Amino acid sequence: MRFMKPVLPVLALCALVAAPAFAQERSPPERQALVDLAYAIGESHGLRQVCNGDGDQHWRDRMAELINTEAADADFEARLKQSFNSGFAARQSQFLSCGPDSRKAELAVARKGEALSRRLANAVRTVKRMGPDDPALKDPENPDGPPTE
């Protein structure tokens, strides 16, 4: 798994991309991105266990962190868990042993998770930018003055 090392830290952080944002505040596309990310984390969990054994709970732990961070309502939490479990089952049934193909699949899933986490991180940056210093809130007639309401 040595070629996985550069991508895995990025995917590992994906579960924490939006610590201050709760699922109730997310738009439908952001919610879908989280569901897709949960599936990718489930796939990663399944693939990692193929090579490291059933005792490896790395990605399950990351999924638990994502659910705790999101503070999702019961329905959305169930949707996230179902997506994780579906991704896990898909990859566990696809690869019965560790080898070059499972490692390539793990790399592909890591890239997919990275893209999803970047998309979610960009959404968070947009939210964080909103505030008194946001140019969209400045009075065009007095750009150095206080924001308009």
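Residues numbered from 1 in each chain as written. Predicted model: local features only at pLDDT ≥ 70, side-chain atom pairs only at ≥ 80, totals over all residues. Heavy atoms only, no water.

**What about helix α3 (residues 58-70)?**
For step 1, the next point in the chain: The first and last C-alpha atoms of α3 sit 19 Å apart over 13 residues, in line with the 18 Å expected at 1.5 Å per residue.
For step 2, the next point in the chain: At the C-terminal side of α3, A71 shows a positive phi close to 45 degrees. (Helix = DSSP H or I, 4+ residues; strand = E, 2+ residues; numbered from the N terminus. Expected span 1.5 Å × (residues − 1).)

**Describing helix α4 (residues 74-94)**
For step 1, the next point in the chain: Between the first and last C-alpha of α4 there are 30 Å, a value that for 21 residues agrees with the 30 Å anticipated at 1.5 Å per step.
For step 2, the next point in the chain: Within the span of α4, buried status applies to F76, L80, S83, F84, G87, F88 and R91. One side of α4 carries all its buried residues, which in axial view fall inside an arc of 130 degrees. Facing away from the buried surface of α4 by more than 90 degrees, the exposed residues are A74, D75 and S93.
For step 3, the next point in the chain: The residue sitting at the N-terminus of α4 and contributing the capping side-chain oxygen is D73; that oxygen lies 3.2 Å from the backbone nitrogen of D75. (Buried < 20%, exposed > 50% of the residue type's maximum accessible area, 1.4 Å probe, protein only. Arc of directions from axis to C-beta. Polar contact = N/O pair within 3.5 Å; in protein donor to acceptor, adjacent residues only side chain to side chain.)

**Notes on the state of the cysteines**
For step 1, the next point in the chain: Enumeration according to the criterion identifies one disulfide in this entry.
For step 2, the next point in the chain: Sulfur-sulfur distance for the disulfide between C51 and C98 comes to 1.9 Å. The chirality of the disulfide connecting C51 with C98 is right-handed, given an S-S dihedral of about 85 degrees. Residue C51 is found in helix α2 (residues 28-52), and its partner C98 is found in the loop between α4 and α5 (100-129); the two are separated by 47 residues along the sequence. (Disulfide = S-S within 2.5 Å.)

**Side note on the confidence of the model for the protein chain**
For step 1, the next point in the chain: Chain-level statistics for the protein chain give a pLDDT mean of 79 and a share of 66% at 70 or above.
For step 2, the next point in the chain: Least confident of the elements in the protein chain is helix α1 (residues 8-14), whose mean pLDDT is 46; most confident is α4, at 95.
For step 3, the next point in the chain: With pLDDT under 50 throughout, residues 1-23 is counted as low confidence; its partners more than four residues away or in other chains account for 57 contacts. (pLDDT = per-residue confidence, 0-100. Contact = heavy atoms within 4.5 Å.)

**Structural notes on the pattern of salt bridges**
For step 1, the next point in the chain: One pass over the structure, following the stated rule, counts eight salt bridges.
For step 2, the next point in the chain: In this structure, E43 and K112 form a salt bridge, with 2.6 Å as the shortest nitrogen-oxygen distance. Of this pair, E43 sits in helix α2 while K112 sits in helix α5, and the two are 69 residues apart along the sequence.
For step 3, the next point in the chain: The buried category is assigned to E43, whose relative accessible area is 4%.
For step 4, the next point in the chain: Classification of K112 by relative accessible area gives partly exposed; the value is 35%.
For step 5, the next point in the chain: Each member of the salt-bridge network shares a partner with another, and the members are E43, R91 and K112. (Salt bridge = Lys/Arg side-chain N within 4 Å of Asp/Glu carboxyl O.)

**Looking at the packing of α3 against α4**
For step 1, the next point in the chain: At a closest axis distance of 11 Å, the pairing of α3 and α4 adopts a crossing angle of 160 degrees. Here α3 lies roughly antiparallel to α4, going by the angle between them. When the axes of α3 and α4 are compared, the crossing they make is right-handed. Where α3 abuts α4, its residues W59, R60, M63, L66 and I67 lie against E77, L80, K81, F84 and N85.
For step 2, the next point in the chain: Counted by class, the contact of α3 with α4 contains six nonpolar, one polar and three charged residues. (Axes fitted to C-alpha atoms, helices over the stretch in contact; angles between N-to-C directions. Parallel < 35°, antiparallel > 145°, perpendicular 65-115°, else oblique. Left-handed = near helix turned anticlockwise from the far one by under 90°. Nonpolar A, V, L, I, M, F, W, Y, C, P; charged D, E, K, R; others polar.)

**A closer look at unusual backbone geometry**
For step 1, the next point in the chain: At A71, a position not held by glycine, the phi torsion is positive, near 45 degrees.
For step 2, the next point in the chain: Along the polypeptide, A71 turns up in the loop between α3 and α4.

**Some remarks on the nonpolar core**
For step 1, the next point in the chain: Formed by 16 residues in total, the largest nonpolar core has its most connected members in L34, L37, I41, M63, L66, F76 and L80.
For step 2, the next point in the chain: Those elements giving two or more residues to this core turn out to be α2, α3, α4 and α5.
For step 3, the next point in the chain: Among the nonpolar cores identified, the runner-up in size contains six residues, and A40, L47, F95 and V109 belong to it. (Core = buried A, V, L, I, M, F, W, Y, C linked by side-chain atoms within 4.5 Å.)

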